[in-house]
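Analysis of the macromolecular model
For reference, the chains in residue letters:
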Amino acid sequence: MANPLLDRAPPSEFADRRQSFEIKAKIDDFEELSRIIEADLATLETVSRPQGWRNEIVDIRVSFAWADVQRTLPVLRGRIETRVAAVCQRCLDAMQLPLVLDLDLLLAQGAAGEGREVWELDGDTVRPLDVIEESMIMALPLSAMHAPGAGCDEPANVAHRPADNLVRPFADLKAQMDGDGGD
Ligand SMILES: [Zn+2]
């Protein structure tokens, strides 16, 4: 299947065409992102690793346009929605991380962004897939966690969090010192 996101052209050409993409891709279409997810899930026991995460739909609705009337600032705008498999850093269990990105990226070569988010061009041409993939990777949180009220944060589960049973060495030390009552 030919994937139009793989077309390579100068951003100005995409912007002139007002090229838009409404595509339901899969996580598997993004190699680097898949590699990152796979590495994250590798910390889970084999039995608790989620299945089928590579087939999760990536809903892409983006289009190229000119940000200025002089046609000097090509931008890629739109929305990308998907869910990625991840490991919750609080309960160390598998979780689904919703990822929703609103893009408004200036495609430029080291140009001043005028307050815009800039996607640094590597050469004269661009592949939409690369921009979308890098944007998704950058949107991944440094540490994923179940959302408030969900998973390990559900009221029923909060009481069983390992973190609540942590030894508190400094508190214990203070209690000991208080107990000594001086010399
Ligand atoms: Zn959790």
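1. Observations concerning the nonpolar core
- Within the largest apolar cluster, 41 residues are counted, with the highest numbers of intra-cluster contacts made by Phe30, Ile60, Ile80 and Met136.
- When residues of this core are traced back to their parent elements, those giving at least two are strand E1 (20-26), helix H2 (31-41), strand E2 (57-66), strand E3 (74-87), strand E4 (94-108) and helix H3 (128-139).
- A total of 7 residues in this core trace back to one element, the largest contributor, which is E4.
- Filtering out sequence-adjacent residues up to four positions away, Met136 remains in contact with Phe30, Leu33, Val58, Ile80, Thr82, Leu99 and Leu101.
- With 5 residues, the next largest nonpolar core counts Ala65, Leu73, Val75 and Ala108 among its residues.

2. Things to note about the sheet that holds E2
- If you walk across this open sheet you meet the 5 strands as E1-E2-E3-E4-E5, and the pairing is mixed. The strands lining the two open edges of the sheet, one partner per strand, are E1 and strand E5 (117-120). The average angle at which neighbouring strand axes cross in this sheet is 35°, direction not considered.
- The pairing of E2 with E3 spans 8 bridges and is antiparallel. Paired with Ile60 across the two strands is Ile80, which belongs to E3.
- Seen against the sheet, H3 touches E1, E2, E3, E4 and E5 and runs at an angle of roughly 130° to E4.

3. Focus on the coordination of the zinc ion
- Ligation of the zinc ion by protein atoms is provided by Cys88 (SG), Cys91 (SG), His146 (ND1) and Cys152 (SG), these donors lying 1.9 to 2.3 Å from the ion.
- One can describe the site at the zinc ion as tetrahedral: its 4 donor atoms subtend angles covering 104 to 115° at the metal.
- One chain supplies every donor for the zinc ion, spaced along it as C-x2-C-x54-H-x5-C. In this pair, Cys91 is assigned in the loop between E3 and E4 and His146 in the loop between H3 and helix H4 (155-158), connecting sequence segments 55 residues apart.

4. Thoughts on the confidence of the model for the chain
- Per-residue confidence for the chain gives a mean pLDDT of 87, with 83% of residues at or over 70.
- Confidence scores differ between elements of the chain, with helix H5 (residues 169-180) showing the lowest mean pLDDT of 61 and E2 the highest of 98.

Rules of the game
- Residues numbered from 1 in each chain as written.
- Predicted model: local features only at pLDDT ≥ 70, side-chain atom pairs only at ≥ 80, totals over all residues.
- Heavy atoms only, no water.
- Core = buried A, V, L, I, M, F, W, Y, C linked by side-chain atoms within 4.5 Å.
- Buried < 20%, exposed > 50% of the residue type's maximum accessible area, 1.4 Å probe, protein only.
- Helix = DSSP H or I, 4+ residues; strand = E, 2+ residues; numbered from the N terminus.
- Contact = heavy atoms within 4.5 Å.
- Pairing = 2+ DSSP bridges.
- Axes fitted to C-alpha atoms, helices over the stretch in contact; angles between N-to-C directions.
- Donors = N, O, S within 2.8 Å, 3.2 Å for Na, K, Ca; no water.
- Tetrahedral: all angles 85-135°; square planar, octahedral: opposite > 155°, others 65-115°.
- pLDDT = per-residue confidence, 0-100.

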